[in-house]
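The primary structure of each chain is shown beneath.
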Amino acid sequence: MAASSCGHASAAILGGVRFAVRVLCGRWFMLFASTMIMSMSGGAYIFGAYSKALKASLEYDQDTLNTISFSKNIGISLGIVSGLINEVTPPWVVLLAGAAMNLAGYLMVHHAISIPGAARPPVWLMCFYIFLGAISQTFASTGALVTSVKNFPNDRGIVLGMLLGYAGFSGAIFTQLCRAFGGGEDGATLLLILAWLPTVVSLLFSFTVRVIPRSRSTAATAMGLGRERKGVLGFLGVSVLIGIYLLVLNVVEVKVSRLPTHVYHITNTLLLFILVIGPLIIVVKQEYHHTYTLQPPPPPTTPSSSAPSSSLKQDVSIRSPAMGEQEINYSVLQALCSKHMLLLFVTTACGIGGIMTVVDNMSQIGQSLGHSQRTISMLVSLVSLSNYAGRVLAGLGSDYVVECYKLPRPLALTVTLLLAFFGHLLIAMGLRDALYATSLIMGFCLGSIWTVLFAVVSEVFGLKHFSTLYNLSTLGSPVGSYVLSVQVAGRMYDHEAQRQGHLRQDLACVGVQCFRASFEIIAGVTLLGMVVSLVMTWRTRAFYYARFSAGVVAITAVTADKNIKQEGALADQNKTIATNQSLSIC
């Protein structure tokens, strides 16, 4: 009796250990690790939180501070470096390289402003430190985001929106931690947190993030795919809960000017509890269902001549691969020279360029319309919160529309740019109170465009070189931002300020006319981007219809428009056609 009880106990312990190992080595724990890394990868977006300390400690003028900020923007835009490295190395190499650059960059900036009597580093060296910290963010996002999309190809829109959403509110997490441990808006403490916390998280999870193929029981059954979708939606729900929690904290901080430190300790404990425990519950639940509920499908058997036709159809449906398993993948050169990448580049430059002009000039826009600095800070917070909402809702909504109605995903870009067009017109009209609505519109559109853009790139060009191609697709953003923000809005603003007779040292413009002409131009450029996105939508309509229709999974965007009725011959012909048509554009 005792021996039997000991045997059952040993078997239970052994089973528990095996299940724990399965959880730690599974796809769902990998997704959890990616959310942790992405939630620590937004340090470059909170430059304004420590720029005041940087300026005061090192006695910089505004021009020098803007130069350092520009080096940060360059670092964010050079994600192609991490993408190319990820093409030839496993994700842990990219994550470890990013962790090292993050620690070196932000730790040196912290050293420069926190050590009394230390020699002030030259400006070029400070630019390099900030650049190093900013580009490390692209390494973290490439390693975590690209791998997650490859592991969950059926839910790529939701996964992209969720992970980008985690990156979106990472700045708020850093701010909350700084207030708890730094006692306020301490730039040196914030830089120290930026230096060590993302580094530790990347080191902790770097070997967990890897490509893990789906099991046959998940890929071949509707129940398995449905369970997978529920798990991804659970992760998304946790991110929404965190976003609401941070929103409540921001509202409380607006109402109460100064909260005690112990209150921040309590709120941060709850925040970390939701951030860590919530996804872990989903991980364990998914692995439990996968282990004890889903059974592997029976091996395919050759049907006899006497077998009924219904059995033959059932056997064929089981052997059919799930969506995303037979993708025709462009090479980097083919994608770079294709018409689709050119259309996406123009759409991104026109759309995000105009939106970033609003975000970068929100302080000047609010000042010209007579808003106080407190109101302007609230407008910036509205942009951040709606940015998160756009990232999440765009991924979820575009997935639903594409799967249910077989509509092209680039149509979501068209709708988003139309919304941004009306937002630019509100600024051009100079309606003072409409700036609240404009902040919400611009933040939502910014988050939406990034999520939809990455999903389109993964679908049209395939997942094999996604780490490089999704970083290439972002190059239109700095181009459009430089032209529209610096050359159009900046020059027209300075011209109007000089016309009003202000001195060059305090070049402030007041009135509706400060941004009216520039945003009329930007609205027109956004309308151009919307038309280009419509062209992309038209060119990919047959591709998306065929891709998300039953029984058709191996098809390329280039050949779909001509061969949708020839499904049987596409699997052998489309790769050659894609190569020829792409290279002919070079």
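Structure first, text after, so check above.
Not measured: the values here are computed from a predicted model. Counting of residues starts from 1 at the beginning of each chain's written sequence and follows it residue by residue. Since the coordinates come from a predicted model, pLDDT governs what is reported: local features require at least 70, and pairs of side-chain atoms require 80 or more to be given and counted, while whole-chain, interface and lining totals use all residues. To obtain the side-chain values, all non-hydrogen atoms of the structure were included, while hydrogens and water were left out.

S.K.: Hey, could you run me through the overall build of the protein chain in this one?
M.R.: Numbering of helices and strands runs from the N terminus; a helix is a DSSP stretch of H or I covering at least four residues, while a strand is a stretch of E covering at least two. Of regular secondary structure, the protein chain possesses 26 helices and 0 strands. Whether a residue is buried, partly exposed or exposed follows from its accessible area with a 1.4 Å probe, protein chains only, as a fraction of its type maximum: under 20%, in between, or over 50%, in that order. Expressed as a percentage of its 586 residues, the buried residues of the protein chain come to 53%. When contacts within the protein chain are restricted to residue pairs at least 6 apart in sequence, long-range pairs at least 24 apart make up 81% of them. Carbon and sulfur atoms provide 67% of the accessible area of the protein chain, an area that totals close to 25,800 Å². By definition, residues are in contact when any of their heavy atoms lie within 4.5 Å. Residue burial considers only the protein chains on display, and all accessible areas are found by Shrake-Rupley using a 1.4 Å probe.

S.K.: What exactly am I supposed to notice about the packing of helix 2 (residues 27-38) against helix 7 (residues 123-151) here?
M.R.: Two quantities define a packed helix pair, namely the angle between the helix axes and the distance between the axes. In this analysis, axes come from line fits to C-alpha atoms, helices being fitted only over the stretch in contact, and the angle between any two N-to-C directions falls in the range 0 to 180 degrees. The contact between helix 2 and helix 7 brings their axes to 9 Å, and the two run at 150 degrees. What the angle tells us is that helix 2 and helix 7 run roughly antiparallel. Of the two elements, helix 2 crosses helix 7, and the hand of that crossing is left-handed. Between helix 2, through Arg27, Met30, Leu31, Ser34, Ile37 and Met38, and helix 7, the contact on the second element is made entirely by Ala140, Ser141, Ala144, Leu145, Thr147, Ser148 and Asn151. Any residue that is not Ala, Val, Leu, Ile, Met, Phe, Trp, Tyr, Cys, Pro, Asp, Glu, Lys or Arg is counted as polar, Gly included; the first ten are nonpolar and the last four charged. Of the residues in the contact of helix 2 with helix 7, the class split is 7 nonpolar, 5 polar and 1 charged. By the definition adopted for this analysis, an angle is roughly parallel if under 35 degrees, roughly antiparallel if over 145, roughly perpendicular if from 65 to 115, and oblique otherwise. Take the far helix as your reference; a near helix turned counterclockwise from it by less than a right angle gives a left-handed crossing, and one turned clockwise gives a right-handed crossing.

S.K.: Looking at this structure, I do not really get the state of the cysteines. What am I missing?
M.R.: Should the sulfur atoms of two cysteines be covalently bonded, the bond is a disulfide. Criterion for a disulfide: a pair of cysteine sulfur atoms at a distance within 2.5 Å. This structure, assessed with the given rule, holds 1 disulfide. Sulfur-sulfur distance for the disulfide between Cys509 and Cys514 comes to 1.9 Å. The S-S bond linking Cys509 to Cys514 shows a torsion near -90 degrees; that makes this disulfide left-handed. Exposure class is identical for Cys509 and Cys514. Each is buried.

S.K.: For this particular structure, what's the right way to read a nonpolar patch on the surface?
M.R.: Two joining distances apply to patches: 9 Å for like charges and 5 Å for nonpolar side chains (Val, Leu, Ile, Met, Phe, Trp, Tyr), and every residue must have over 30% relative accessible area and no salt bridge. Between Lys or Arg on one side and Asp or Glu on the other, a salt bridge is scored when a side-chain nitrogen of the former is within 4 Å of a carboxyl oxygen of the latter. A contiguous nonpolar surface patch, about 470 Å² in accessible area, is contributed by Phe345, Leu475, Val479, Tyr482, Val483 and Val486. If one sorts the elements of the nonpolar patch by residue count, helix 22 (residues 476-499) sits on top with 4 residues. Structurally, Val483 is set in helix 22.

S.K.: Just checking my understanding: could you explain the nonpolar core for this structure?
M.R.: Burial of nonpolar side chains together is a common tendency in soluble globular proteins. Leu54, Met126, Leu145, Ile242, Phe461 and Phe466 are the most contacted members of the largest nonpolar core, which totals 134 residues. Among the elements that take part in this core, helix 20 (residues 434-461) stands out by supplying 15 residues, more than any other. In this entry, domain limits derive from an automatic or database-based domain assignment. Each of two domains, domain 1 (25-212 + 224-291) and domain 2 (330-570), supplies a minimum of three residues to this core. Nonpolar cores were defined as sets of buried Ala, Val, Leu, Ile, Met, Phe, Trp, Tyr and Cys residues, with membership established by side-chain atoms within 4.5 Å. The next biggest cluster of nonpolar side chains, apart from the first, holds 5 residues, and it includes Met101, Leu132, Ile135 and Phe139.

S.K.: Looking at this structure, I do not really get unusual backbone geometry. What am I missing?
M.R.: Generally, phi is negative for residues other than glycine and the peptide bonds are trans, each holding for most cases. Phi is positive for Lys406, close to 60 degrees, though the residue is something other than glycine. The exposure class of Lys406 is partly exposed, given its relative accessible area of 22%.

S.K.: Can you walk me through the packing of aromatic side chains in this structure?
M.R.: The geometry of an aromatic ring pair comes down to the distance between the two centres and the angle between the two planes. For this analysis, a ring pair means two rings from Phe, Tyr or Trp (six-membered ring only for Trp) whose centres lie within 6.5 Å, classed as stacked if their planes differ by under 30 degrees, edge-to-face if by over 60, and tilted for the remaining angles. Summed over the entire model, instances satisfying the criterion amount to 17 aromatic pairs. With centroids separated by 6.2 Å and ring planes inclined at 75 degrees, the aromatic side chains of Tyr400 and Tyr405 adopt a geometry described as edge-to-face. Taking the relative accessible area as the measure of exposure, Tyr400 reaches 49% and is therefore partly exposed. The exposure class of Tyr405 is exposed, given its relative accessible area of 52%. Ring pairing ties together the aromatic residues Trp450, Phe454, Phe466 and Tyr470, which thus form one cluster. A positively charged side chain is recorded as over a ring if its NZ (Lys) or CZ (Arg) lies within 6 Å of the ring centre. The angle to the ring normal must also be within 35 degrees. One Lys or Arg, Arg27, reaches over the ring of Phe152 and ends 4.5 Å from the middle of that ring. Taking the ring centre of Trp538 as reference, the NZ or CZ of Arg541 above it sits at 3.8 Å.

S.K.: I keep staring at the pattern of salt bridges and nothing clicks. Help me out?
M.R.: Working definition: two side chains of opposite charge can pair if their charged atoms are close together. Tallying each qualifying case throughout the model produces 8 salt bridges. Where Arg27 meets Glu228, a salt bridge forms, and the shortest distance between an N and an O atom there is 2.5 Å. Of this pair, Arg27 sits in helix 2 while Glu228 sits in helix 12 (residues 222-255), and the two are 201 residues apart along the sequence. Assigned by exposure class, Arg27 and Glu228 land together as buried. With a shortest N-O distance of 3.9 Å, Arg432 and Asp433 are connected by a salt bridge. With relative accessibility at 40%, the residue Arg432 sits in the partly exposed group.

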